[in-house]
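Residue-level structure breakdown
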Amino acid sequence: MKKLSLLGSTGSIGTQTLDVIRRNKDIKVVALAAGSRVKELAEQIREFQPELACIGSEELAKELKILVGDLNVKIVYGSEGLIEAAVIESADIVLTAVVGMMGIIPTIEAVKAHKDIALANKETLVTAGHIIMRMVKEYGVNLYPVDSEHSAIFQSLNGENPRELEKILLTASGGPFRGRTRDELANVTLEDALRHPNWSMGKKITIDSSTMVNKGLEVMEAQWLFNVPVSKVMVVIQPQSIIHSMVQFVDGGIMAQLGSPDMRLPIQYALYYPERRFLESERVDFYRLGQITFQEPDFETFKGLKLAYDAAKKGGNIPTALNAANEYAVSSFLDKKIKYLDIADMIEYAMNEVEYIAEPSIDKILETEQSVYELLKKKW
Ligand code: NDP
Ligand code: MG
């Protein structure tokens, strides 16, 4: 039986992962980690009976201990606890579904502990792709993408020769503001931005989808996962979210993966690769769907996407600057402290102002994160 450690178990990806496991009944959950939702975590512990559970703080850990006092589970907390969950001896695979740069260290530690990785947390590869991809090779572990686009690319490359790949066609829904001009976005509210047309996800990624920074992060992730320069990653708007991404080969042939928008498919594929399992989900009905349409992205309105291409080309710690500024800006926007268009402006400012480092170590990546926060705190 495969044994899984799940980081970020109470979130959108986390709960869908547990749904996949609940239905298949042949993966043993050995560790669960969450940030603040103690009650939800306690229920998960009761249902899945892991050896270890981690929560965000010492205070919450005390609460959790009371809730599951009758069960045989070790409770840990904070960033050290999260690492303990990531490296737990009994796990074969770690699914990282925490949000933000906090995913970096546990992912690295899990690789060092020879765990396979199912990666949902995209901020990890964006900021530390150059380190993680090297380590994945060195430690001989497998890295399976969970993000739907990267899973689609991975599925489309199945059995193909990666050297014959000409281009990655990364699809995007365009989010709730597709078709708007920059001026029209000046006064959009938090509630407008949280209304994604096709996917139901955590708040941070929902905002990222509306600004298309999410697509920018995915472009950078694709570059690391599939070892291609960003010039070979092209974003194609496909508003119905039926084509999850495509790859084009040197003979002009294109392979695509299609399906109804349901994250449980890529999650299940990452957990059981190369096997496909039955998944009870909505099937695409082409007669009813009628059409699938395509558009070019609007790089002017969605400046964050253009900035992501710039960051990828500059490399070094600039993708970290973009990501840290975006995390800071999105959290300020969620707290209603800044306006919508400030998000991309803050990213641009941080990318221009931060000191450039060509090959940042993990320490330098984390230092860049802090200096970006300082820069933005002073200016906004
Ligand atoms: P959510 O906000 O829904 O979930 C985040 C999870 O991280 C929660 O379980 C949260 O716990 C946990 N967490 C927060 N702080 C800590 C902490 N200090 N220690 C341990 N766990 C913590 O996010 P999503 O599930 O939407 O996204 C997760 C990642 O996956 C992101 O990087 C996102 O970009 C990526 N992704 C998401 C997709 C989606 O469809 N949702 C699609 C593709 C990628 P709690 O809630 O208890 O505080
Ligand atoms: Mg995605």
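Scope of this entry: the structure provided in the associated data block. (Residues numbered from 1 in each chain as written. Chains lettered and ligands numbered in written order. Predicted model: local features only at pLDDT ≥ 70, side-chain atom pairs only at ≥ 80, totals over all residues. Heavy atoms only, no water.)

**With respect to the sheet that holds strand β4 (residues 74-77)**
If you walk across this open sheet you meet the seven strands as β4-β3-β2-β1-β5-β6-β7, and the pairing is parallel. Both outer strands of the open sheet, β4 and β7 (143-145), are each paired with one neighbouring strand and no more. Averaged over neighbouring strand pairs, the angle between their axes works out to 25° when direction is ignored. Sheet strands in contact with helix α1 (residues 12-24) are β1 (2-7), β2 (27-33) and β5 (93-96), and its direction is about 160° off that of β1. (Pairing = 2+ DSSP bridges. Helix = DSSP H or I, 4+ residues; strand = E, 2+ residues; numbered from the N terminus. Axes fitted to C-alpha atoms, helices over the stretch in contact; angles between N-to-C directions. Contact = heavy atoms within 4.5 Å.)

**Overview of the coordination of the magnesium ion (ligand 2)**
Every protein donor of the magnesium ion (ligand 2) is listed here as Asp147 (OD), Glu149 (OE) and Glu218 (OE), and their distances to the metal cover 2.1 to 2.2 Å. All donors of the magnesium ion (ligand 2) belong to a single chain; written as a sequence motif, their spacing is D-x1-E-x68-E. Here Asp147 matches Glu149 in class, with each residue buried. (Donors = N, O, S within 2.8 Å, 3.2 Å for Na, K, Ca; no water. Buried < 20%, exposed > 50% of the residue type's maximum accessible area, 1.4 Å probe, protein only.)

**Topic: the site of ligand 1**
For ligand 1, the set of nearby residues contains 24 residues, the closest of which are Thr10, Ser12, Ser36, Arg37 and Glu123. Between ligand 1 and Gly11, the relevant distance is 2.9 Å, taken from an oxygen atom to a main-chain nitrogen or oxygen of the residue. Between an oxygen atom of ligand 1 and a main-chain N or O atom of Ile13, the distance comes to 2.9 Å. For ligand 1, whose accessible area on its own is 890 Å², the fraction buried by protein is 88%. Mapped by element, the contributors of at least two residues to the shell around ligand 1 are α1 and α6 (122-138). Classifying every residue of the shell around ligand 1 by side-chain character gives eleven nonpolar, nine polar and four charged. (Near = heavy atom within 4 Å. Polar contact = N/O pair within 3.5 Å; in protein donor to acceptor, adjacent residues only side chain to side chain. Areas by Shrake-Rupley, 256 points an atom, 1.4 Å probe, with all protein chains shown as cover. Nonpolar A, V, L, I, M, F, W, Y, C, P; charged D, E, K, R; others polar.)

**Here's the deal with α6**
Look at α6: only 21 Å from first C-alpha to last across 17 residues, short of the 24 Å you get at 1.5 Å a residue. The largest bend in α6 is about 100°, located at Ala128. Extensive coverage of α6 is indicated by the burial of 13 of its 17 residues. At the exit of α6 stands Gly140, carrying a positive phi of roughly 65°. (Expected span 1.5 Å × (residues − 1). Bend = angle between axes of the 7 residues up to and from the residue.)

**Quick notes on the sheet that holds strand β10 (residues 243-249)**
Taken together, the four strands give an open sheet; going across it, the order is β9-β8-β10-β11, and neighbouring strands pair in mixed fashion. Looking at which strands have only one partner, the edges of the open sheet turn out to be β9 (233-237) and β11 (254-258). The mean inter-strand angle of the sheet, taken between neighbouring strand axes irrespective of direction, is 20°. Pairing of strand β8 (residues 165-172) with β9 involves five bridges; the strand directions are parallel. Each bridged residue has a counterpart across the sheet, and for Ala172 the counterpart in β9 is Ile237.

**What about the packing of aromatic side chains?**
In total, this model carries ten aromatic pairs according to the counting rule given. Through a chain of ring-to-ring contacts, three or more aromatic side chains come together here, namely Tyr144, Phe154, Tyr269 and Tyr273. (Phe/Tyr/Trp six-rings, centres within 6.5 Å; stacked < 30°, edge-to-face > 60°.)

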